[in-house]
Amino acid sequence: MTGRQAPLLSVRDLKVVFPTPIGMVHAVDGVSFDLEAGQSMGIVGESGSGKTVTAKTLMNLLPSYALVDGSVTFDGRDLRSLAAQRKTEKHLWGVEISMVFQDPMTSLNPVKKVGEQIAESLRYHLGQTRTAARRQAGDLLEQVGIPEPGRRLDEYPHQLSGGLRQRVVIAAALACEPRVLIADEPTTSLDVTVQKHILDLLDDLRVARGMAMILVTHDLGVVKGRTDEVMVMYAGLFSQQRHPYTEALIETIPKINSASHTRLVPIPGQPPVTTSPPTGCPFADRCRYATDLCVTQGPPLTPLGNGHHVACHTPVGTPAAAAALAANAARGHTATGLEIHQSGVPIGAVTDGPGEQT
């Protein structure tokens, strides 16, 4: 990269396919992004969009039958090549790149004390003695805000609350001081107050340690104000701010200043079946801007400036999008048959007032 430092983590055209009895599941389909040192990035998407598969690919945690294509480079090293040499590169994953999993009750061993589980990585990766590892495990519990860390070291996961278990998982992930931390739905099943504490903790630790972080979530509110970049995934692809799916997703967020009983704005239709992905754009069936081109050709990745790209034939805010929307509204439907109101909003997603919908 001319005139600027190379990114710490670089992903290019990543594709992941799983063979299944009903066909090939295209879980991730051409994802590309860069993560700078110290940067925080949010990956947002609905269930099944490929968020966790992308994260597990970076951590080399996919099953052996997964078919992976594309390139993943970490600090100038090809991770896919290193994955084939796992025995000789055992001190990369869990040390330089670490992960916080979404369910602490299943990611922690229920029959081992939490202190042993944190100390295990310190002894394995850093070669610490049992005494030194236990001492550092206690320090880590204190850093993540667990009261009485000395006593908690000898407790089992089931003896802790959900919030404390998630803090233990974070402590274990940070034990070897990683340069990149991947947090996959770190606040799932936690109440709102605990959720805020966990997110604040992750952000504080990221800044204090100068590490980069990828925050994976299905909630736009989680990443708002907490990440430097936000990427939205749909059907295994990234959709940036100019993508119609991202626009539609933002429109579904309830507004605090809306009148009482105002109906929520849904996105019509369903995501495509990943075993038989469409020839054109995967969002075309649900998109108000869809044209004939969207149905027949997959959209190219188009640069928008400032490092942003969008895979769309009619990016939001462009003359092409305005023309497509006007044409669809005039004839009452898109090229895929989605019915469009005269205002340009899909039928079934138009709210005339509180409690009224057409």
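Structure: see above.
Participant: How should the nonpolar core be read in this particular structure?
Facilitator: If you look at soluble globular proteins, the nonpolar side chains tend to sit buried side by side. In this structure, Ile-118, Val-168, Ile-170 and Leu-181 are the most contacted members of the largest nonpolar core, which totals 36 residues. When contributions to this core are tallied by element, the ones reaching two or more residues are α4 (114-126), α5 (130-143), α7 (162-174), β7 (180-184), α8 (192-209), β8 (212-217) and α9 (220-223). Ignoring any residue separated from it by four or fewer positions in sequence, one finds Leu-181 in contact with Ser-98, Met-99, Val-100, Ala-173, Leu-174, Leu-202, Met-211, Ala-212, Met-213 and Ile-214.

Participant: Could you clarify how one ought to interpret α4 in this entry?
Facilitator: Count 3.6 residues to each turn of an α-helix, and residues three or four apart come out pointing the same way. The first and last C-alpha atoms of α4 sit 18 Å apart over 13 residues, in line with the 18 Å expected at 1.5 Å per residue. Considered for burial, the residues of α4 that qualify are Val-114, Gly-115, Gln-117, Ile-118, Ala-119, Ser-121, Leu-122 and His-125. Elements in contact with the buried residues of α4: α5, α6 (149-152) and α7. A positive backbone phi angle near 70 degrees is found at Gly-127, which sits one or two residues after α4.

Participant: What's the story with the pairing of strand β11 (residues 301-305) in this structure? I'm lost.
Facilitator: Every regular strand shows the same layout, with side chains that alternate between the two sheet faces. When β11 meets strand β12 (residues 308-311), the two strands line up antiparallel, connected through 4 bridges. Along β12, the bridge assignment pairs Pro-303 with His-309. Between β11 and β12, which follow one another and run antiparallel, lie 2 residues, and Asn-306 among them has a positive phi close to 60 degrees.

The rules behind these values
Residues numbered from 1 in each chain as written. Predicted model: local features only at pLDDT ≥ 70, side-chain atom pairs only at ≥ 80, totals over all residues. Heavy atoms only, no water. Core = buried A, V, L, I, M, F, W, Y, C linked by side-chain atoms within 4.5 Å. Buried < 20%, exposed > 50% of the residue type's maximum accessible area, 1.4 Å probe, protein only. Helix = DSSP H or I, 4+ residues; strand = E, 2+ residues; numbered from the N terminus. Contact = heavy atoms within 4.5 Å. Expected span 1.5 Å × (residues − 1). Pairing = 2+ DSSP bridges.

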